[in-house]
Amino acid sequence: MNRTGRWWVVAALAVGAGALARAQAPASALMGFSPQAAQDEAQWEEKFRAIPQPANIRQFMYVLSKEPHAVGQPYDERNAQYILQQFKSFSLDAHIETFYVLFPTPLEREVEMVQPTRYALRLKERAIPEDADSSDEGQLPTYNAYSSDGDVTAPLVYVNYGLPADYEQLAKMHIDVTGKIVLARYGESWRGIKPKVAAEHGAVGCLIYSDPRDDGYFEGDTFPKGPYRPPDAVQRGSVADDALYEGDPLTPGIGATKDAKRLTLEQAKDLFTKIPTLPISYADALPLLKAVGGPVAPEDWRGALPITYHVGPGETAVHLKVKFDWSLHPVNDVVAVIPGAVWPDQWVIQGNHHDAWVNGANDPVSGMSAEMEEARTLGALLKQGWRPKRTIVLAAWDGEEPGLLGSTEWAETHAAELQQKAVAYINCDNSTSGVLRVQGSHTLEKFINQLMKAVPDPETGKSLWEMTRERELRMARSDAARQAIANRPDLRIGALGSGSDYATFIDHLGIAAADLRFTGAGYGVYHSIYDDFYWYTHFGDPDFIYERTLAETMGTLMMRLAAAQALPFDFTDFADTVATYVQQLKELHQNAANAPAFDFTALDAGLGRLRKAAADYAQAYQSAAGSGALFEESPAALGALNQLLYQAERKMTTPEGLPAPRGWYKNELYAPGAYTGYAVKTLPAIREAMEQNQWRVAQEQERTVGEVLQAVAAQIDSAREKL
């Protein structure tokens, strides 16, 4: 049976299994709902889940990914207008908000090996006959946005992934990169870390290539035969130092409106790489790596190219030249609003970006297409009489790829209102077939676990929760880890750092956030011209059944958050997770060489109070909900309770934020690391100071975070008193 035929079978199984699971679960168990309200919600959710169609999502993807649509390109603006028109056709109140951001595009790119032989790098991806979109006009050249201009000629050194530990290894080998151009491979860290660390070690230029061991033929068949990166594919992407702040480099902390007060390029230069940087393919990297002399690279530095990997410098020298047009460009955010019928000033926000580096069928159109089908479905429910109690905001952000531009500028523009009204921000981005991956605020962890049990996997009929749990058990690295997963009632969700549009909401404004997407299909064409409709319909989710499930999952989540009488925030899982972070800090201190004595009194006191407040709230909620008294409260009283609940997340922030120069990041529990890029650092101010042997700073921050935990606990106590 072919995949298309199989879709009808698995869909029937999934619907049947999902209906059975929902029939077996008592409606009164729905977090935040009285028995009657839960029954009403279940009926509306059943109607919602019957509506989304894979064919519609496929058509949305076809239209949105038909042409290259990077920031400032005509098709990017055309897509914004298309999404606006679709939202309006779904009976949603929608509009476009435009911001003006710095987005450099290349004027000159040149890389040539000048010694021991001459070789001019192609710096261009080849069109593939089977894939018509791979020859589209308007493709952005292969480059790294926010690289500095530069023209350098220097010896070449191979630095593995280009992380701090790699330079420690080079030092042991007595190899100095001062005055050199480094060649790093993609992977193990965000791309912007590689030129940042290279410059700190004295390098004058940086090339970044995709080794086939990481996402090419070592992993499987390459495109168009398979999903992995072919020889000429290049990963574009920003290399701005987002560890300082997200969004438009010229307007940190304020919206980039037309008349906004902007920094000069010179004032904003700390966000740009200090050295010229370009990405290259492994086809272009191979001649360079063949020519590099010097010692043989350590075993774990060796990729999958058919050569002996050497470190250099040897006799190999490279000329690197890049020059950019540093112009402002418009970004167009599309925002649709469904007004709340009871608490219109409490907002549940969902977003996905619509801009891409090239055609971007997977990144980001897969998520955007699912959101559009979700919006169509919500519009259909409105016509049937459904009304959310809270306001639902659906956003299609522009400018995510260069640096979360559209979402950050919108959030900074509306910051005061969002801090008062935003209940949560829910994000998606790229999504394929596979297993649901969830990261987010741990105050939402129990709610998301319940959500995952309500939605069936489209191929097996098991719940998304069961599928994720099975994956976690398979991937557990020890028997103890496996046992912990098996024994814990709720699956742990990952913490959020950066890398997609949730960052400004959680990191800067202290708004609870979550990011949901399906992962598992091989994805080796990231940020290349081959991430297009042909790739997605052959390798991503050919039948769009996981895309339909994504729309179903996100829609169910939004409906529940918008309808709950008492918002389903839970603090016991949150307190349990914070306890693991505190224990990690204690182990970090214990294992640090020559670490001074360290006082954890403030953290321990804050954690103790947080645990008690969480347990007391859970007990009070169970009592009030179980007796029904909670749901007999007036809308005004419930509204006041709910505001205390979602404002608890704000208490995780401080006005001064992380230590300078990272004060834009206000959340004291979650932030991207200064040297991890997208990856999160939890309790970041303490953890990073410890890692950098800044023990005095770490001790100061320990007291600050202890006070933050006390403030969160006090907010939870205030919510309990409202019960």
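Calculation criteria
Here the residue numbers are simple positions, counted from 1 along each chain's written sequence. The model is predicted, so local features are restricted to residues of pLDDT at least 70 and side-chain atom pairs to those at 80 or more, both for listing and for counting; the totals for chains, interfaces and linings are taken over all residues. Calculation of side-chain values draws on the structure's entire complement of heavy atoms; hydrogens and water are dropped beforehand. A run of DSSP states H or I qualifies as a helix once it reaches four residues; a run of E qualifies as a strand once it reaches two. Both are numbered from the N-terminal end. We compute the radius of gyration over the C-alpha atoms and compare it with the globule rule, which gives 2.2 Å times the number of residues raised to the power 0.38. Exposure classes here rest on a 1.4 Å probe applied to the protein chains alone. A residue is buried below 20% of its type maximum, exposed above 50%, and partly exposed in between. The contact criterion used is simple: two residues touch if any of their non-hydrogen atoms lie within 4.5 Å. Only four residue types enter the charge count: Lys and Arg as positive, Asp and Glu as negative, with His and the chain ends excluded. For the purpose of locating charges, the reference atoms are NZ of Lys, CZ of Arg, CG of Asp and CD of Glu. We call a set of buried residues a nonpolar core when its members are Ala, Val, Leu, Ile, Met, Phe, Trp, Tyr or Cys and they connect through side-chain atoms within 4.5 Å of each other. Only protein atoms enter the calculation, which uses a 1 Å grid: trapped sets of points that fit a 1.4 Å probe without letting it out are cavities, open sets showing protein on both sides within 12 Å along at least five of seven lines are pockets, and any residue with an atom within 4 Å of a point is a lining residue. Grid points are joined across faces, edges and corners, and a volume is the space filled by probe spheres set on the points. Residues are grouped as follows: nonpolar covers Ala, Val, Leu, Ile, Met, Phe, Trp, Tyr, Cys and Pro; charged covers Asp, Glu, Lys and Arg; every other residue, Gly included, is treated as polar. Note on scores: pLDDT gives the predictor's confidence for each residue, bounded by 0 and 100. Paired strands, as defined in this entry, are two strands with at least two bridges between them according to DSSP. To get an axis, fit a line to the C-alpha atoms, keeping to the stretch in contact for a helix; angles then go from 0 to 180 degrees between the N-to-C directions. What a helix is expected to span follows from its residue count: subtract one and scale by 1.5 Å. Within 6.5 Å between ring centres, the rings of Phe, Tyr and Trp (the latter by its six-membered ring) count as paired, and their orientation is classed by plane angle as stacked under 30 degrees, edge-to-face over 60, tilted in between. A ring is considered to have a charge above it if a Lys NZ or an Arg CZ atom is located within 6 Å of its centre and within 35 degrees of its normal.

### Describing the overall build of the chain
Along its length, the chain carries 23 helices and 18 strands. In terms of overall size, the chain behaves like a compact globule, its C-alpha atoms giving a radius of gyration of 25 Å where 723 residues would be expected to give roughly 27 Å. Within the chain, the proportion of its 723 residues that are buried is 62%. In the chain, 80% of the contacts between residues at least 6 apart in sequence involve partners at least 24 apart. In the chain, which carries 67 positive and 93 negative side-chain charges, the distance between the mean positions of the two groups comes to 2 Å.

### Looking at the nonpolar core
Within the largest apolar cluster, 223 residues are counted, with the highest numbers of intra-cluster contacts made by Phe87, Tyr209 and Leu418. Non-local contacts of tyrosine 209, meaning those with residues more than four positions away in its chain, are made with Tyr158, Leu183, Ala184, Arg185, Tyr186, Ile280, Ser281, Tyr282, Ala285, Leu289, Leu305 and Tyr309. Within the second largest apolar cluster, six residues are counted, among which are Leu30, Phe33, Ala37 and Ala563.

### Looking at empty space enclosed by the protein
In total, this model carries three cavities of 30 Å³ or more according to the counting rule given. Of the pockets and cavities examined, the largest cavity occupies roughly 80 Å³. Around the largest cavity sit 13 residues that line it, and Trp190, Asp242, Ala243, Gly677 and Tyr678 are the ones nearest its centre. Of the residues assigned to the lining of the largest cavity, the class counts are seven nonpolar, three polar and three charged.

### Here we look at the confidence of the model for the chain
Counting all residues, the mean pLDDT for the chain is 95, and 96% of those residues have values of 70 or more. Here residues 1-28 is a poorly scored stretch, pLDDT under 50, and it has 30 contacts once near neighbours within four places are set aside; other chains count.

### Considerations on the sheet that holds strand S3 (residues 119-120)
Pairing is mixed across the open sheet formed by seven strands, whose spatial order is S3-S2-S10-S5-S6-S7-S9. Single-partner strands in this sheet number two, and they are S3 and strand S9 (277-280). When strand S2 (residues 105-115) meets strand S10 (residues 317-325), the two strands line up antiparallel, connected through nine bridges. Looking at the pairing, glutamate 112 lines up with histidine 319 of S10. The strands touched by helix H6 (residues 193-200) are strand S6 (181-185), strand S7 (205-209) and S9; relative to S7, the strand with the most contacts, the crossing angle is about 150 degrees.

### Structural notes on helix H21 (residues 635-647)
Taking 1.5 Å as the rise per residue, H21 with 13 residues should run 18 Å; its terminal C-alpha atoms sit 18 Å apart, in good agreement. Within the sequence span of H21, burial applies to Leu638, Gly639, Leu641, Asn642, Leu644, Leu645, Tyr646 and Gln647. Looking at the buried side of H21, the elements it contacts are strand S12 (343-353), strand S13 (390-397), helix H12 (415-421), strand S14 (422-427), helix H20 (601-627) and helix H23 (695-722).

### Some words on the packing of aromatic side chains
Taken as a whole and judged by the stated rule, the model has 30 aromatic pairs. With 5.9 Å between their ring centres and 75 degrees between their planes, tyrosine 523 and tyrosine 526 make a pair best called edge-to-face. Each ring, one from tryptophan 664 and one from tyrosine 665, has its centre 4.9 Å from the other, and the planes form 80 degrees; the classification is edge-to-face. Residue tryptophan 664 shares its accessibility class with tyrosine 665, and that shared class is buried. Put simply, the rings of Phe223, Tyr523, Tyr526, Tyr530, Tyr534, Trp535, Tyr536, Phe539 and Phe544 pair up and form one aromatic cluster. When the ring centre of tyrosine 665 is taken as origin, the NZ or CZ atom of arginine 662, which lies over that ring, is 5.4 Å away.

### Topic: the layout of surface pockets
Any empty space left between atoms is shown by rolling a water-sized probe over those atoms. Considered as a void within the structure, the largest pocket measures approximately 1400 Å³ in volume. Looking at the largest pocket, it is lined by 49 residues, and the ones nearest its centre are Asn430, Arg437, Arg517, Tyr526 and Tyr678. Elements that contribute at least two residues to the lining of the largest pocket include exactly helix H7 (212-215), helix H9 (361-383), helix H10 (400-403), strand S15 (434-440) and strand S16 (513-520). The residue makeup of the lining of the largest pocket, split by class, is 15 nonpolar, 19 polar and 15 charged. For the second largest pocket, the calculated volume is near 900 Å³.

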